Amino acid sequence: AGGQQTYLPITDGRRLAEITGFRRLFGVKVLPVAAGVPFGLTIGNLAGWIPLPARLSIEVLDPVDVRRFRDLGDAYRHVTGVMQATLTRLTDGL
């Protein structure tokens, strides 16, 4: 949690991907425009960027045996629910 603080997007660039033809040619749905170091404004993160300093929190969760669920939908809901609850807890202090 906290990684989003290292990147400063100005727009996700959906319209830019359409206008430039990147969506049609390459299947790229977004072409983000962001402010960052050392290049200032970047489009599509093609040049890369140096992440801004930020506090990051990482937690490894217990493994999940998906065979104990009736179907993959139940397993998916369980895994995403546990991940969201953990992310919410981790970001409360940020």
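All of the points below concern the structure found in this document.

Cut-offs applied
- Residues numbered from 1 in each chain as written.
- Predicted model: local features only at pLDDT ≥ 70, side-chain atom pairs only at ≥ 80, totals over all residues.
- Heavy atoms only, no water.
- Helix = DSSP H or I, 4+ residues; strand = E, 2+ residues; numbered from the N terminus.
- Expected span 1.5 Å × (residues − 1).
- Polar contact = N/O pair within 3.5 Å; in protein donor to acceptor, adjacent residues only side chain to side chain.
- Patch = residues over 30% accessible without salt bridge, like charges linked within 9 Å, V, L, I, M, F, W, Y side chains within 5 Å.
- Areas by Shrake-Rupley, 256 points an atom, 1.4 Å probe, with all protein chains shown as cover.
- Salt bridge = Lys/Arg side-chain N within 4 Å of Asp/Glu carboxyl O.
- Buried < 20%, exposed > 50% of the residue type's maximum accessible area, 1.4 Å probe, protein only.
- Pairing = 2+ DSSP bridges.
- Axes fitted to C-alpha atoms, helices over the stretch in contact; angles between N-to-C directions.
- Phe/Tyr/Trp six-rings, centres within 6.5 Å; stacked < 30°, edge-to-face > 60°.

1. Comments concerning helix 3 (residues 72–91)
So, step 1. Helix length check: helix 3 (20 residues) gives 28 Å between terminal C-alpha atoms against 28 Å at 1.5 Å per residue, within 8%.
So, step 2. Where helix 3 begins, the side chain of Asp 71 points an oxygen toward the backbone nitrogen of Gly 73, at a separation of 3.0 Å.

2. Structural notes on a nonpolar patch on the surface
So, step 1. Where nonpolar side chains cluster on the molecular surface, the patch consists of Leu 61, Val 82 and Met 83 and spans about 230 Å² of accessible area.
So, step 2. Mapped onto the secondary structure, Met 83 falls in helix 3.
So, step 3. Exposure remark for Met 83: the relative accessible area of 47% places this residue in the partly exposed category.

3. A look at the sheet that holds strand 3 (residues 40–43)
Each strand in a sheet pairs with its neighbour through backbone hydrogen bonds, running either in the same direction (parallel) or in the opposite one (antiparallel).
So, step 1. One open sheet accounts for three strands, arranged 1-2-3; its pairing is antiparallel. The strands lining the two open edges of the sheet, one partner per strand, are strand 1 (8–11) and strand 3. Each strand of the sheet is rotated relative to its neighbour by a mean of 35 degrees, with strand direction disregarded.
So, step 2. As paired elements, strand 1 and strand 2 (residues 33–36) share three bridges and run antiparallel to each other. Paired with Pro 9 across the two strands is Ala 34, which belongs to strand 2.

4. Some remarks on the pattern of salt bridges
So, step 1. Within the structure shown, the criterion is met by six salt bridges.
So, step 2. Residue Arg 89 is joined to Glu 59 by a salt bridge in which the shortest nitrogen-to-oxygen separation is 2.8 Å. Linking Arg 89 in helix 3 with Glu 59 in the loop between strand 3 and helix 3, this pair joins segments that are 30 residues apart in sequence.
So, step 3. Using a relative accessible area of 46% as the deciding quantity, one classes Arg 89 as partly exposed.
So, step 4. Between Arg 77 and Asp 74 there is a salt bridge, with the nearest N and O atoms lying 2.7 Å from each other. Taken as a pair, Arg 77 and Asp 74 lie in helix 3 at a separation of three residues, close to a single helical turn.
So, step 5. Since its relative accessible area comes to 52%, Arg 77 is described here as exposed.

5. Here we look at the packing of aromatic side chains
So, step 1. Evaluation of the coordinates by the stated rule reveals one aromatic pair.
So, step 2. Between Phe 22 and Phe 26, the ring centres sit 5.3 Å apart and the planes meet at 65 degrees, which makes this aromatic pair edge-to-face. Of this pair, Phe 22 and Phe 26 both sit in helix 2 (residues 22–26), four residues apart, which is roughly one turn of that helix.

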